[in-house]
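Chain residues, written in single-letter form:
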Amino acid sequence: MTRTLRLLLALVAATLTLTAARAQTDALLTQYFEVPSYYNPAATGTTDMLRIRGASRLQWVGIDNAPRTFLALAESPFNLAGKRLGAGLWVRQERLGLYDDLSLALQVSYKIRLAGGTLSIGVQPGVITEKFRGSEVFIPDDDNYHEETDEAIPRSDMSGTAFDLGAGVHYTRRGFYAALSCTHLTQPTVSFSSETSSSTEAVSVFEFTARRTLFFTAGGNIRLRNPLFEVMPSMLLASDFTFTTVQATLRMRVKSLFSFGVAYRHNDAVSLLLGAEYRQFFLGYSFDYPTTEIARASHGSHEIVAGYSLRLDLSGQNRFKQKSIRIL
(Lines give C-alpha, C1' and ligand atoms only; values in the text may rest on other atoms or scores of the structure.)
Protein backbone atom coordinates (compact mmCIF):
# COMPACT_ATOMS: atom_id res chain seq x y z
CA MET A 1 0.00 0.00 0.00
CA THR A 2 1.34 3.44 -0.94
CA ARG A 3 1.32 6.27 1.60
CA THR A 4 2.96 9.69 1.73
CA LEU A 5 5.04 10.86 4.65
CA ARG A 6 3.47 14.26 4.15
CA LEU A 7 0.26 12.92 5.70
CA LEU A 8 2.26 11.50 8.55
CA LEU A 9 4.10 14.77 9.06
CA ALA A 10 0.77 16.57 9.15
CA LEU A 11 -0.23 14.24 11.99
CA VAL A 12 2.98 14.99 13.88
CA ALA A 13 2.62 18.71 13.20
CA ALA A 14 -0.90 18.76 14.57
CA THR A 15 0.21 16.90 17.68
CA LEU A 16 2.97 19.44 18.25
CA THR A 17 0.65 22.41 17.50
CA LEU A 18 2.96 23.58 14.73
CA THR A 19 1.81 26.40 12.46
CA ALA A 20 1.25 26.12 8.72
CA ALA A 21 4.40 28.10 7.94
CA ARG A 22 6.50 25.12 9.01
CA ALA A 23 5.14 23.13 6.10
CA GLN A 24 7.84 24.75 4.00
CA THR A 25 10.88 22.53 3.48
CA ASP A 26 13.61 25.16 3.92
CA ALA A 27 14.48 26.66 7.29
CA LEU A 28 13.53 30.32 7.66
CA LEU A 29 16.21 32.13 9.65
CA THR A 30 15.58 35.52 11.22
CA GLN A 31 19.16 36.53 10.34
CA TYR A 32 18.78 35.50 6.69
CA PHE A 33 20.90 38.49 5.62
CA GLU A 34 23.97 36.89 7.26
CA VAL A 35 23.63 33.68 5.22
CA PRO A 36 22.45 34.90 1.79
CA SER A 37 24.03 32.00 -0.10
CA TYR A 38 21.84 29.54 1.81
CA TYR A 39 18.80 30.95 0.03
CA ASN A 40 20.45 31.77 -3.28
CA PRO A 41 23.51 30.15 -4.95
CA ALA A 42 24.04 33.33 -6.98
CA ALA A 43 24.92 35.14 -3.71
CA THR A 44 28.25 33.28 -3.55
CA GLY A 45 31.30 35.37 -4.31
CA THR A 46 29.49 38.71 -4.36
CA THR A 47 32.22 40.25 -2.16
CA ASP A 48 36.02 39.91 -1.98
CA MET A 49 35.70 37.85 1.18
CA LEU A 50 35.96 34.20 2.05
CA ARG A 51 32.98 33.91 4.40
CA ILE A 52 32.32 31.08 6.85
CA ARG A 53 29.10 31.05 8.86
CA GLY A 54 27.43 28.76 11.37
CA ALA A 55 23.85 29.22 12.59
CA SER A 56 21.80 27.50 15.27
CA ARG A 57 18.08 28.07 15.78
CA LEU A 58 15.88 26.85 18.63
CA GLN A 59 12.30 27.25 17.51
CA TRP A 60 9.42 27.77 19.94
CA VAL A 61 11.22 27.12 23.21
CA GLY A 62 8.87 25.47 25.70
CA ILE A 63 7.20 23.11 23.22
CA ASP A 64 8.44 19.53 23.23
CA ASN A 65 9.97 18.32 19.95
CA ALA A 66 9.77 21.76 18.33
CA PRO A 67 12.11 22.40 15.36
CA ARG A 68 15.86 22.58 15.96
CA THR A 69 18.04 23.76 13.08
CA PHE A 70 21.80 23.87 12.50
CA LEU A 71 23.39 25.38 9.40
CA ALA A 72 27.04 25.65 8.33
CA LEU A 73 28.19 27.28 5.11
CA ALA A 74 31.20 28.73 3.35
CA GLU A 75 31.42 30.80 0.17
CA SER A 76 34.16 32.61 -1.69
CA PRO A 77 34.93 34.41 -4.97
CA PHE A 78 37.60 33.18 -7.38
CA ASN A 79 38.92 33.92 -10.86
CA LEU A 80 39.06 31.37 -13.67
CA ALA A 81 40.32 32.17 -17.18
CA GLY A 82 39.89 35.86 -16.45
CA LYS A 83 36.26 35.41 -15.36
CA ARG A 84 34.86 36.24 -11.93
CA LEU A 85 33.04 33.33 -10.29
CA GLY A 86 31.83 32.28 -6.88
CA ALA A 87 31.70 28.93 -5.11
CA GLY A 88 29.99 27.74 -1.98
CA LEU A 89 29.02 24.80 0.17
CA TRP A 90 26.39 24.43 2.87
CA VAL A 91 25.02 21.68 5.09
CA ARG A 92 21.82 21.84 7.13
CA GLN A 93 20.53 19.53 9.84
CA GLU A 94 17.02 19.94 11.20
CA ARG A 95 14.89 17.95 13.63
CA LEU A 96 11.13 18.30 13.97
CA GLY A 97 9.38 15.82 16.21
CA LEU A 98 10.24 12.33 14.91
CA TYR A 99 11.39 13.75 11.60
CA ASP A 100 15.06 14.47 10.73
CA ASP A 101 16.43 16.28 7.71
CA LEU A 102 20.05 16.42 6.51
CA SER A 103 20.73 18.41 3.34
CA LEU A 104 23.98 19.20 1.55
CA ALA A 105 24.54 21.49 -1.45
CA LEU A 106 27.38 22.67 -3.67
CA GLN A 107 27.15 26.06 -5.37
CA VAL A 108 28.77 27.90 -8.25
CA SER A 109 27.99 31.33 -9.70
CA TYR A 110 29.07 33.43 -12.68
CA LYS A 111 29.36 37.25 -12.59
CA ILE A 112 28.79 39.76 -15.38
CA ARG A 113 28.75 43.57 -15.41
CA LEU A 114 25.31 45.01 -16.09
CA ALA A 115 23.94 48.58 -15.94
CA GLY A 116 26.60 49.82 -13.58
CA GLY A 117 26.23 46.85 -11.25
CA THR A 118 26.98 43.14 -11.11
CA LEU A 119 24.61 40.37 -12.13
CA SER A 120 25.32 36.93 -10.72
CA ILE A 121 23.79 33.68 -11.95
CA GLY A 122 24.13 30.56 -9.81
CA VAL A 123 23.21 26.89 -9.68
CA GLN A 124 23.06 24.54 -6.72
CA PRO A 125 23.17 20.74 -7.00
CA GLY A 126 22.74 18.82 -3.77
CA VAL A 127 21.13 15.95 -1.91
CA ILE A 128 18.33 15.62 0.63
CA THR A 129 18.40 12.86 3.22
CA GLU A 130 15.22 12.35 5.23
CA LYS A 131 14.68 10.11 8.23
CA PHE A 132 11.61 9.15 10.25
CA ARG A 133 12.14 7.61 13.68
CA GLY A 134 9.20 5.23 13.57
CA SER A 135 10.54 3.19 16.49
CA GLU A 136 9.70 6.17 18.76
CA VAL A 137 6.05 6.51 17.69
CA PHE A 138 3.71 6.62 20.68
CA ILE A 139 -0.09 6.71 20.41
CA PRO A 140 -1.94 7.32 23.72
CA ASP A 141 -4.68 4.88 24.72
CA ASP A 142 -7.26 7.65 24.74
CA ASP A 143 -6.49 8.79 21.17
CA ASN A 144 -9.79 8.59 19.28
CA TYR A 145 -8.27 9.44 15.90
CA HIS A 146 -5.43 6.94 15.42
CA GLU A 147 -5.03 3.22 15.99
CA GLU A 148 -1.99 1.19 16.95
CA THR A 149 -2.53 -0.94 13.83
CA ASP A 150 -2.71 2.03 11.45
CA GLU A 151 -0.61 1.04 8.41
CA ALA A 152 -0.07 4.71 7.51
CA ILE A 153 2.24 5.10 10.52
CA PRO A 154 5.56 3.22 10.20
CA ARG A 155 6.94 1.61 13.35
CA SER A 156 10.57 1.27 12.27
CA ASP A 157 13.26 3.85 11.54
CA MET A 158 13.34 4.70 7.84
CA SER A 159 15.47 6.99 5.69
CA GLY A 160 15.94 7.90 2.07
CA THR A 161 17.99 10.21 -0.16
CA ALA A 162 17.19 12.16 -3.32
CA PHE A 163 19.05 14.49 -5.68
CA ASP A 164 18.14 18.17 -5.36
CA LEU A 165 18.67 21.22 -7.57
CA GLY A 166 18.35 24.96 -7.12
CA ALA A 167 19.16 28.11 -9.10
CA GLY A 168 19.08 31.86 -8.67
CA VAL A 169 20.05 35.35 -9.83
CA HIS A 170 21.52 38.16 -7.74
CA TYR A 171 22.02 41.80 -8.72
CA THR A 172 23.94 44.39 -6.73
CA ARG A 173 24.61 48.07 -7.45
CA ARG A 174 25.94 50.85 -5.23
CA GLY A 175 25.40 49.03 -1.97
CA PHE A 176 21.92 47.72 -2.77
CA TYR A 177 20.95 44.24 -3.89
CA ALA A 178 17.97 42.22 -5.09
CA ALA A 179 17.92 38.46 -5.56
CA LEU A 180 15.53 35.79 -6.78
CA SER A 181 16.02 32.05 -6.41
CA CYS A 182 14.14 28.77 -6.52
CA THR A 183 15.04 25.71 -4.48
CA HIS A 184 13.92 22.12 -5.13
CA LEU A 185 13.39 22.89 -8.82
CA THR A 186 12.69 19.26 -9.65
CA GLN A 187 10.54 18.77 -6.53
CA PRO A 188 12.60 15.72 -5.50
CA THR A 189 10.78 12.84 -3.89
CA VAL A 190 12.49 10.85 -1.15
CA SER A 191 11.21 7.28 -1.06
CA PHE A 192 11.22 5.20 2.12
CA SER A 193 10.51 1.48 2.09
CA SER A 194 9.89 -0.73 5.10
CA GLU A 195 9.73 -4.47 4.63
CA THR A 196 7.69 -6.38 7.17
CA SER A 197 9.08 -9.34 9.05
CA SER A 198 7.16 -11.80 6.89
CA SER A 199 8.11 -12.07 3.23
CA THR A 200 4.50 -12.93 2.37
CA GLU A 201 3.19 -9.63 3.72
CA ALA A 202 2.91 -6.49 1.64
CA VAL A 203 5.66 -3.92 1.49
CA SER A 204 4.65 -0.44 2.66
CA VAL A 205 6.09 2.48 0.71
CA PHE A 206 6.32 6.00 2.11
CA GLU A 207 7.31 9.16 0.27
CA PHE A 208 8.21 12.75 1.01
CA THR A 209 8.32 15.45 -1.69
CA ALA A 210 10.26 18.68 -1.19
CA ARG A 211 8.15 21.53 -2.48
CA ARG A 212 9.52 23.92 -5.06
CA THR A 213 10.16 27.14 -3.09
CA LEU A 214 10.67 30.68 -4.34
CA PHE A 215 12.81 33.20 -2.41
CA PHE A 216 13.10 36.92 -3.03
CA THR A 217 15.50 39.03 -0.97
CA ALA A 218 16.44 42.69 -1.18
CA GLY A 219 18.31 45.20 0.95
CA GLY A 220 21.16 47.63 1.19
CA ASN A 221 23.32 49.98 3.22
CA ILE A 222 22.29 53.62 3.59
CA ARG A 223 25.07 55.94 4.70
CA LEU A 224 24.05 58.78 7.01
CA ARG A 225 25.66 62.20 7.33
CA ASN A 226 27.49 60.90 10.34
CA PRO A 227 29.88 58.32 8.84
CA LEU A 228 29.83 56.29 12.07
CA PHE A 229 26.26 55.17 11.41
CA GLU A 230 24.54 53.32 8.60
CA VAL A 231 21.01 51.98 8.20
CA MET A 232 20.52 48.52 6.72
CA PRO A 233 16.96 47.67 5.61
CA SER A 234 16.23 44.26 4.10
CA MET A 235 13.40 41.87 3.38
CA LEU A 236 12.78 38.19 2.64
CA LEU A 237 9.82 36.65 0.86
CA ALA A 238 9.45 32.87 0.76
CA SER A 239 6.70 30.94 -0.99
CA ASP A 240 6.17 27.31 -1.93
CA PHE A 241 3.02 28.40 -3.82
CA THR A 242 0.87 27.07 -1.00
CA PHE A 243 2.28 28.96 1.98
CA THR A 244 3.86 32.42 1.74
CA THR A 245 5.72 34.39 4.39
CA VAL A 246 7.34 37.83 4.36
CA GLN A 247 9.85 39.30 6.80
CA ALA A 248 10.86 42.96 6.93
CA THR A 249 14.03 43.93 8.83
CA LEU A 250 15.51 47.27 9.84
CA ARG A 251 18.99 47.41 11.39
CA MET A 252 21.51 50.10 12.27
CA ARG A 253 25.27 49.58 12.42
CA VAL A 254 27.52 51.72 14.60
CA LYS A 255 31.22 52.21 13.84
CA SER A 256 31.17 48.97 11.81
CA LEU A 257 31.40 47.21 15.16
CA PHE A 258 27.89 46.87 16.58
CA SER A 259 24.46 46.49 15.06
CA PHE A 260 20.94 46.32 16.40
CA GLY A 261 17.51 46.17 14.86
CA VAL A 262 13.99 44.84 14.74
CA ALA A 263 12.10 42.58 12.36
CA TYR A 264 8.56 41.48 11.70
CA ARG A 265 7.54 38.21 10.07
CA HIS A 266 3.95 38.34 8.86
CA ASN A 267 1.53 36.32 10.95
CA ASP A 268 4.40 34.78 12.90
CA ALA A 269 6.68 36.86 15.12
CA VAL A 270 8.40 40.12 15.98
CA SER A 271 12.16 39.97 16.49
CA LEU A 272 14.99 41.76 18.25
CA LEU A 273 18.43 41.52 16.61
CA LEU A 274 21.91 42.22 17.97
CA GLY A 275 25.28 41.84 16.29
CA ALA A 276 28.95 42.49 16.96
CA GLU A 277 31.99 42.50 14.65
CA TYR A 278 35.64 42.46 15.63
CA ARG A 279 38.25 42.26 12.90
CA GLN A 280 37.32 39.16 10.88
CA PHE A 281 34.88 37.73 13.43
CA PHE A 282 31.11 38.15 13.65
CA LEU A 283 28.51 37.16 16.25
CA GLY A 284 24.79 37.74 15.91
CA TYR A 285 21.78 36.95 18.09
CA SER A 286 18.05 37.24 17.51
CA PHE A 287 14.99 36.59 19.65
CA ASP A 288 11.57 36.01 18.13
CA TYR A 289 8.38 36.50 20.09
CA PRO A 290 5.33 34.84 18.52
CA THR A 291 2.38 37.01 17.51
CA THR A 292 0.06 34.03 17.08
CA GLU A 293 -1.66 31.62 19.48
CA ILE A 294 1.63 29.70 19.72
CA ALA A 295 2.66 32.31 22.33
CA ARG A 296 0.44 30.51 24.86
CA ALA A 297 2.77 27.51 24.77
CA SER A 298 6.15 28.94 23.72
CA HIS A 299 8.54 31.43 25.28
CA GLY A 300 9.84 32.43 21.84
CA SER A 301 12.67 31.39 19.52
CA HIS A 302 16.42 31.91 19.84
CA GLU A 303 18.95 32.11 17.02
CA ILE A 304 22.73 32.53 17.01
CA VAL A 305 24.96 33.13 13.99
CA ALA A 306 28.76 33.14 14.24
CA GLY A 307 31.26 33.61 11.47
CA TYR A 308 34.69 34.45 10.16
CA SER A 309 35.63 36.45 7.06
CA LEU A 310 38.96 36.71 5.27
CA ARG A 311 39.64 39.27 2.54
CA LEU A 312 41.08 37.76 -0.62
CA ASP A 313 43.36 39.38 -3.20
CA LEU A 314 41.93 38.52 -6.63
CA SER A 315 43.93 41.10 -8.56
CA GLY A 316 46.52 38.56 -9.68
CA GLN A 317 49.25 40.56 -7.98
CA ASN A 318 50.11 39.24 -4.55
CA ARG A 319 51.50 42.06 -2.43
CA PHE A 320 52.91 39.52 -0.01
CA LYS A 321 55.14 37.53 -2.34
CA GLN A 322 58.51 36.57 -0.84
CA LYS A 323 61.85 36.01 -2.56
CA SER A 324 64.63 33.80 -1.33
CA ILE A 325 67.76 35.70 -0.27
CA ARG A 326 69.76 33.12 -2.24
CA ILE A 327 68.56 34.56 -5.54
CA LEU A 328 68.63 38.27 -4.70
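In this text the structure is predicted, and so the values were computed from the model without any measurement.

Peer 1: Explain the pattern of salt bridges to me, using residue names and the numbers behind them.
Peer 2: Inspection of the entire model under this criterion finds 15 salt bridges. Note that aspartate 26 is salt-bridged to arginine 92, the shortest N-O span being 3.8 Å. Note that aspartate 26 is positioned in the loop between helix H1 (5-15) and helix H2 (36-39) and arginine 92 in strand E4 (residues 83-96), a separation of 66 residues in sequence. Residue classification places aspartate 26 among the buried positions, given a relative accessible area of 6%. On the basis of relative accessibility, which here comes to 1%, the residue arginine 92 falls in the buried class. Arginine 265 is the salt-bridge partner of aspartate 288, the closest N and O atoms lying 3.7 Å from each other. Within this pair, whereas aspartate 288 is found in strand E17 (residues 281-290), its partner arginine 265 is found in strand E15 (residues 258-265), the two being separated by 23 residues in sequence. Residue aspartate 288 is classed as buried on the basis of its relative accessible area, which comes to 2%. Look at arginine 265 and you get buried, because its relative accessible area is 6%. Bridged by salt links that share partners, the residues Arg57, Arg265, Asp268, Asp288 and Glu303 form one connected network.

Peer 1: So what's going on with the side chain of threonine 183? Which residues, and what values?
Peer 2: Of note, threonine 183 is situated in strand E8 (residues 176-183). Residue threonine 183 is classed as buried on the basis of its relative accessible area, which comes to 6%. Those residues in contact with threonine 183 that sit more than four places away from it in its chain are Asp26, Tyr39, Leu165, Gly166, Arg211, Arg212, Thr213 and Phe215.

Peer 1: Residue-level account of the nonpolar core, with values.
Peer 2: Counting 20 residues, the largest nonpolar core has Val35, Tyr38, Tyr39 and Leu71 as its most contacted members. When contributions to this core are tallied by element, the ones reaching two or more residues are H2, strand E3 (68-80) and strand E13 (229-239). Here tyrosine 38 is in contact with Asp26, Ala27, Leu71, Leu73, Trp90, Arg92 and Gln124, once residues within four sequence places are set aside. Listed in part, the nine residues of the second largest apolar core include Met158, Val190, Phe206 and Phe208.

Peer 1: Report on the side chain of threonine 213, specifying residues and quantitative values.
Peer 2: Following the sequence through the fold, threonine 213 ends up in strand E11 (residues 213-220). Looking at threonine 213, the relative accessible area reads 1%, which means it is buried. Within the structure, threonine 213 has its side chain in polar contact with the backbone oxygen of arginine 211 (distance 3.0 Å).

Peer 1: Describe in detail unusual backbone geometry, supporting the description with residues and values.
Peer 2: Positive phi, normally seen in glycine, also occurs at asparagine 267, with a value near 55°. When you line up the elements, asparagine 267 lands in the loop between E15 and strand E16 (269-278). If you check the backbone angles, arginine 279 has positive phi at about 55° while not being a glycine. Here arginine 279 lies in the loop between E16 and E17.

How each quantity is defined
Residues numbered from 1 in each chain as written. Predicted model: local features only at pLDDT ≥ 70, side-chain atom pairs only at ≥ 80, totals over all residues. Heavy atoms only, no water. Salt bridge = Lys/Arg side-chain N within 4 Å of Asp/Glu carboxyl O. Helix = DSSP H or I, 4+ residues; strand = E, 2+ residues; numbered from the N terminus. Buried < 20%, exposed > 50% of the residue type's maximum accessible area, 1.4 Å probe, protein only. Contact = heavy atoms within 4.5 Å. Core = buried A, V, L, I, M, F, W, Y, C linked by side-chain atoms within 4.5 Å. Polar contact = N/O pair within 3.5 Å; in protein donor to acceptor, adjacent residues only side chain to side chain.

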